[in-house]
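Structural features, examined
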Amino acid sequence: MKNYIDAAAFGEMILCADAALHANMQAINELNVFPVPDGDTGTNMGLTLNNAASELRKKSFSTIDEAAACVASALLRGARGNSGVILSLLFRGISRRLKGLDTAGAEEFTAAMNEGVDAAYKAVMKPAEGTILTVSRLASAAAAQAAGSGSDLETCLVCAIRVGDKALEDTVNQNPVLKKAGVVDAGGMGYLVILKAMLASLRGEISSADSAVSYDSAEESVVFEEGKVEVPEKNIFDTVYIVRKARFDVDLVPLRQYLDSIGDSLVISDDDEIFKVHVHTDIPGQALTESQKYGSLELAKIENMRTQALDKLAGRKAQSTDDLEEVDKELDELAEKQKNGESECDFAAPTKDYGIVTVCAGEGMAALFRDLGADGIVTGGQTMNPSTDDILLQIDRTPASTVFVFPNNKNIIMAAEQTVPLAAEKGKKVVVIPTKTVPQGVSALLSFNVDEEPEQLTADMTAAAGNVHTAMVTYAARDSEFDGHSIHAGEYLALLDGALLGSYSSLPTLFKELNWAINDFSPEFITVYYGADVAESDANEAAATITGCFPDAEVSVVNGGQPVYYYMISVE
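Residues numbered from 1 in each chain as written. Predicted model: local features only at pLDDT ≥ 70, side-chain atom pairs only at ≥ 80, totals over all residues. Heavy atoms only, no water.

**A word on the overall build of the protein chain**
From N to C terminus, the protein chain includes 23 helices and 20 strands. Burial status across the protein chain gives 54% buried among its 572 residues. The contacts in the protein chain between residues at least 6 apart in sequence include a share of 72% that link residues at least 24 apart. Carbon and sulfur atoms make up 48% of the accessible area of the protein chain, which totals about 25000 Å². (Helix = DSSP H or I, 4+ residues; strand = E, 2+ residues; numbered from the N terminus. Buried < 20%, exposed > 50% of the residue type's maximum accessible area, 1.4 Å probe, protein only. Contact = heavy atoms within 4.5 Å. Areas by Shrake-Rupley, 256 points an atom, 1.4 Å probe, with all protein chains shown as cover.)

The structure is reproduced here in structure tokens:
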């Protein structure tokens, strides 16, 4: 048993945790209780931790202090969604406690775990029990107690996991939303996946070399076990390719969503210059075409897994291109050569007092925010939560001494808040206006007055956002039982201020129920933002229905072009 871990051991633990989180990503996502398309917990935690793993692979460290600091910095900048931010806070606290240490034993490391928990609780404005916070707190406390009794680090982690598992099971009783859905907390599960992988690494049961195969490389296309051959009936083309990015800050989340919709076994890994894709699909040409929107295709490999399987069954040698491992090795070597030309993002020195950065998805919404004076647009929102670094990039490019940031999604607010100290290091002040929806962001920006002081501006814009009620129309991503509603995949969903009104098989019925709910607000202004999948004529028809119910209200129609939501409706 190891009594101390050094930089190399700590790095191994993180790399193994990264692979384990990726392997369990979908299982964690499926714990999300709300059936709307979402920036799922597993995806956000996975992308966040992978940012740290990527940094670890680039460098070597002589002390655990240096390795932990690298992980904390990468997690902070790569944090996506609330779960990703909390994960970064847990490791930030660990890094602080390990500062100045060459190695860490049981007492030092478990104390660091608890300092991470303290950092997370202090940063969350209203910490809720029955979440990742609860699981990490109880697990870390158990580890520290074991260390205080003289246990070695391995035993401490075993105790942490044992208590953490019980805490995770109890989250269903602590959180009313989880209780209704009958599931445990997704973030808590993700935390335990990380902890269990770190323990397995410490014990030597797994290694970063093994885990790298499951994360960065494609799984075997055809399964041969004891003479049994699996012949795929769909998604038969094993497709692997490399694309040189059009720009280093390109957002691959929309591409990930698209590829996931046309295939399975999807893996995307990237660095500043290139990204690699592995996907099983029936339409590899479309996968390549869509990916070329993000850069230049450099290398591709496509194999027909069904033909390979049938050849094997017939006793013939399966036809193949170069061995997948060799292709992956070639890609890695090429990526390594390209790293020498990494570019730095632009930094605009302040030439004015105030600037605006806003988060939204859809060309129409982006154009609207630009017309209202936004300096920077961060592409993102539901299903595609931008990272802290994505937001910071636009702040850097905004030539203002004070930059107001509009997250426009409750799951992006915490990531936006992490930019405050990072921007301060470069001499810029960031003020996050806690807008939870795009319509709130629009209303807040409409109240922007360049002649006011920052404190008054903040108060005015926050108040303006608070006066907006937001209705959303989307679809059910999966079958679900939620809050008394029996929901079927593909049905239309209506939400009002984040609460589910119901699921419907037709839009006319949905709008009838929605109008009844909106009536409680006695609206004066209603704006209908219609999405990328909605025809203008349908949007005008929906607006006419609303106008018929509220003849005294001013009803406007705007082409938002947003994905996910057919309609976003602002009610004031």
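**Description of the sheet that holds strand S7 (residues 274-281)**
Sheet architecture is open: four strands sit in the order S6-S7-S5-S8, paired in antiparallel fashion. Two strands in the sheet have a free side with no partner beyond their single neighbour: strand S6 (263-270) and strand S8 (295-304). Averaged over all pairs of adjacent strands, the angle between their axes in this sheet comes to 15°, without regard to strand direction. Pairing analysis gives nine bridges linking strand S5 (residues 237-245) to S8, with the strands arranged antiparallel. Looking at S8, one finds that Val240 is bridged to Lys301. (Pairing = 2+ DSSP bridges. Axes fitted to C-alpha atoms, helices over the stretch in contact; angles between N-to-C directions.)

**A look at the packing of helix H1 (residues 7-23) against helix H4 (residues 64-78)**
Running from N to C, H1 and H4 point in directions that differ by 30°, and their axes come no closer than 8 Å. Here H4 runs roughly parallel to H1, going by the angle between their axes. The interaxial crossing formed by H1 with H4 has right-handed handedness. Between H1, through Ala7, Phe10 and Ile14, and H4, the contact on the second element is made entirely by Ile64, Ala67, Ala68 and Val71. (Parallel < 35°, antiparallel > 145°, perpendicular 65-115°, else oblique. Left-handed = near helix turned anticlockwise from the far one by under 90°.)

**Regarding the confidence of the model for the protein chain**
With 85% of its residues at a pLDDT of 70 or more, the protein chain shows a mean pLDDT of 84. Here residues 211-229 is a poorly scored stretch, pLDDT under 50, and it has 40 contacts once near neighbours within four places are set aside; other chains count. When the criterion is pLDDT under 50, residues 340-345 qualifies, and its contacts beyond four places in sequence or with other chains add up to nine contacts. (pLDDT = per-residue confidence, 0-100.)

**Considering the sheet that holds strand S13 (residues 469-475)**
Strands sit in the order S17-S16-S13-S20-S18-S19 across an open sheet of six strands; the sheet is mixed. Each edge of the open sheet carries a strand with a single partner, namely strand S17 (499-504) and strand S19 (554-559). Here the strands of the sheet are splayed against their neighbours by 15° on average, with no regard to which way each runs. Bridge count for S13 against strand S16 (residues 492-496) is five bridges, and the pairing is antiparallel. In the sheet register, Thr474 faces S16, and the bridge partner there is Leu493.

**With respect to the environment of Leu510**
Following the sequence through the fold, Leu510 ends up in helix H22 (residues 507-518). In this structure the C-alpha to C-alpha distance between Leu510 and Ala494, which are 16 residues apart in sequence, comes to 6.8 Å. The residues contacting Leu510, other than those within four sequence positions of it, are Val473, Tyr492, Leu493, Ala494 and Tyr504.

**A word on empty space enclosed by the protein**
Any empty space left between atoms is shown by rolling a water-sized probe over those atoms. Taken as a whole and judged by the stated rule, the model has four cavities of 30 Å³ or more. In this structure, the largest cavity occupies an estimated 100 Å³ of space. Phe91, Ile94, Met113, Tyr191 and Leu195 are the residues nearest the centre of the largest cavity, which is lined by 13 residues in total. Residue assignment for the lining of the largest cavity shows that the elements contributing at least two residues are helix H5 (81-97), helix H6 (106-123), helix H7 (132-148) and helix H10 (186-203). For the lining of the largest cavity, the class distribution of residues is 10 nonpolar, three polar and no charged. (1 Å grid on protein atoms, 1.4 Å probe; cavity = no way out; pocket = protein on both sides within 12 Å on 5 of 7 lines; lining within 4 Å. Points joined across faces, edges and corners; volume = space filled by probe spheres on them. Nonpolar A, V, L, I, M, F, W, Y, C, P; charged D, E, K, R; others polar.)

**A closer look at H10**
In this model, H10 (18 residues) spans 26 Å end to end at C-alpha, consistent with the 26 Å of a helix rising 1.5 Å per residue. Burial runs high along H10: 15 of the 18 residues are buried. Sitting at the head of H10, Asp185 places a side-chain oxygen 3.2 Å from the backbone nitrogen of Gly187. Gly204 occupies a position one or two residues after H10 and carries a positive phi of about 80°. (Expected span 1.5 Å × (residues − 1). Polar contact = N/O pair within 3.5 Å; in protein donor to acceptor, adjacent residues only side chain to side chain.)

**Observations regarding the packing of helix H20 (residues 438-446) against helix H21 (residues 454-466)**
Close contact between H20 and H21 brings their axes to 8 Å; oriented N to C, the two are set at 140°. Between H20 and H21, the interaxial angle falls into the category oblique. In the crossing of H20 with H21, the sense of the turn from one axis to the other is right-handed. From H20, Gln440, Ser443 and Ala444 reach across to H21, where they touch Met461, Ala464 and Ala465. Each residue belonging to the contact of H20 with H21 can be placed in one class, and the counts come to four nonpolar, two polar and no charged.

**What to know about the pairing of strand S18 (residues 525-530)**
Among the six residues of S18, five are classified as buried, and the element is accordingly described as predominantly covered. Pairing between S18 and S19: six bridges, direction parallel. Within the sheet, the bridge partner assigned to Tyr529 lies in S19 and is Val558. Taking the sense of rotation as the criterion, the β-α-β connection linking S18, helix H23 (residues 536-549) and S19 turns out right-handed. Here S18 runs beside strand S20 (residues 567-571); their pairing, made up of five bridges, is antiparallel. Looking at S20, one finds that Ile526 is bridged to Val571. (Right-handed = clockwise from strand over helix to strand, strands pointing away.)

**Considerations on the pattern of salt bridges**
This structure, assessed with the given rule, holds 13 salt bridges. Between Glu129 and Arg137 there is a salt bridge; the shortest N-O distance is 3.0 Å. Owing to a relative accessible area of 31%, Arg137 belongs among the partly exposed residues under this scheme. Here Lys196 and Asp165 are joined by a salt bridge, their closest N and O atoms 3.1 Å apart. Of this pair, Lys196 sits in helix H10 while Asp165 sits in helix H8 (residues 153-174), placing them 31 residues apart in sequence. A relative accessible area of 39% places Lys196 in the partly exposed class. Through salt bridges that share partners, Glu55, Lys58 and Lys59 make up one connected network. (Salt bridge = Lys/Arg side-chain N within 4 Å of Asp/Glu carboxyl O.)

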